[in-house]
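Chains, contacts and geometry: an overview
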Amino acid sequence: MSKVEQLLIKRRCVMLKEPRSKFMFLMIVILFVIIFAGAFVIKASAAGKGDAEAGKKIYAGKCSLCHGAAGKGDGPAGASTNPKATNFTDKAKMTKSDDELFKIISDGSKGTAMMGYAGSISEQERWDLVAYIRSLSK
Ligand code: HEC
């Protein structure tokens, strides 16, 4: 095989290879986009939903003292505060959106006994609490 022939064969191989590697590159990019978008959607839906069962456990430990074991706002420390701790079973009073409830749990309600829990309860757990509180008036 002459040197020219060898070179031609080499070039052909490169030319054949090139579209393939471009295709592979594109596939990898698409794969990454899918994985990324998938993870984002899962995270977003998890944050938006919250698990009421998980929220129930946190509630019993940290919220029932004021809001009552059953969420009626009649906990041992809740009835004497001014304003009183919210009764979560009262549908007429549960008019706030999930986002608003989440914000109060996170930042507290200024001028009331309701303090913010952003520093002590994780974001996911605060959404779990929203889901649980919401379930009480259903
Ligand atoms: C020290 C007593 C106390 C504790 C403990 C407490 N809260 Fe409250 N919470 C209150 C009071 C009082 C209010 C009423 C504030 C108002 O009327 O503006 C309130 C209001 C709220 C509201 C707003 C309800 C609405 O519709 O306006 C939410 C949500 C809430 N609490 C969730 C929680 C959660 C979740 C916990 C446990 C992590 C918790 N609270 C622990 C006293 C407490």
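Figured I'd write up the structure that's included with this text.

Thresholds applied
- Residues numbered from 1 in each chain as written.
- Predicted model: local features only at pLDDT ≥ 70, side-chain atom pairs only at ≥ 80, totals over all residues.
- Helix = DSSP H or I, 4+ residues; strand = E, 2+ residues; numbered from the N terminus.
- Buried ≥ 20, exposed ≤ 12 C-beta atoms within 10 Å, placed from the backbone.
- Near = placed C-beta within 6 Å.
- Nonpolar A, V, L, I, M, F, W, Y, C, P; charged D, E, K, R; others polar.
- Core = buried A, V, L, I, M, F, W, Y, C linked by C-beta atoms within 7 Å.
- Contact = placed C-beta atoms within 7 Å.
- Axes fitted to C-alpha atoms, helices over the stretch in contact; angles between N-to-C directions.
- Parallel < 35°, antiparallel > 145°, perpendicular 65-115°, else oblique.
- Expected span 1.5 Å × (residues − 1).
- Arc of directions from axis to C-beta.

As a further point, take the overall build of the chain. The number of helices and strands found in the chain is 5 helices and 0 strands. Secondary structure elements of the chain occur, N-terminal to C-terminal, as α-α-α-α-α. Put simply, the chain has 138 residues, and 20% of those count as buried.

Among the 23 residues in the neighbourhood of the ligand, the closest are listed as Cys 63, Cys 66, Thr 86, Thr 112 and Met 114. For the shell around the ligand, the secondary-structure elements that each account for two or more residues are α3 (64-67), α4 (98-107) and α5 (123-136). Split into classes, the residues belonging to the shell around the ligand amount to 15 nonpolar, 6 polar and 2 charged.

This next bit is on the nonpolar core. Ranked by internal contacts, the top residues of the largest apolar core, which has 15 residues, are Leu 101, Phe 102, Ile 105, Leu 129, Val 130, Tyr 132 and Ile 133. For this core, the elements supplying multiple residues, two or more each, are α4 and α5. The greatest single-element share of this core, amounting to 7 residues, is contributed by α5. Setting aside its immediate chain neighbours within four residues, Ile 105 contacts Tyr 117, Arg 126, Leu 129 and Val 130.

The subject of this paragraph is the packing of helix α2 (residues 52-62) against α5. Packing of α2 against α5 leaves a shortest axis separation of 7 Å and a crossing angle of 95°. When the axes of α2 and α5 are compared, the pair comes out roughly perpendicular. Contact residues: Ala 52, Ala 54, Gly 55, Lys 56, Ile 58 and Tyr 59 in α2; Glu 125, Asp 128, Leu 129, Ala 131, Tyr 132 and Ser 135 in α5.

Excluding glycine, residues mostly have negative phi values, and the peptide bonds linking residues are mostly trans. That bond from Asn 82 to Pro 83 is cis: its omega, 0°, falls within 30 degrees of zero. Mapping Pro 83 onto the fold places it in the loop between α3 and α4.

Compared with an ideal rise of 1.5 Å per residue, which puts 14 residues at 20 Å, α5 spans 20 Å between its outermost C-alpha atoms and is within 8% of the ideal. What α5 keeps buried is the set Arg 126, Trp 127, Asp 128, Leu 129, Val 130, Ala 131, Tyr 132, Ile 133 and Leu 136.

Where α4 is concerned, the buried positions are Leu 101, Phe 102 and Ile 105. Seen end-on, α4 carries its buried residues on one side only, within an arc spanning 100°. In α4, the exposed positions angled more than 90 degrees off the buried face are occupied by Asp 99 and Glu 100. Contacts made by the buried residues of α4 are with α5. Once α4 finishes, Gly 108 follows within two positions and takes phi at roughly 85°, a positive value.

This part takes up the environment of Met 94. When you line up the elements, Met 94 lands in the loop between α3 and α4. On the basis of neighbour counts, which here come to 17 C-beta atoms within 10 Å, the residue Met 94 falls in the partly exposed class. Put simply, Met 94 and Arg 134 are 40 residues apart on the chain and 8.1 Å apart in space, counted from C-alpha to C-alpha.

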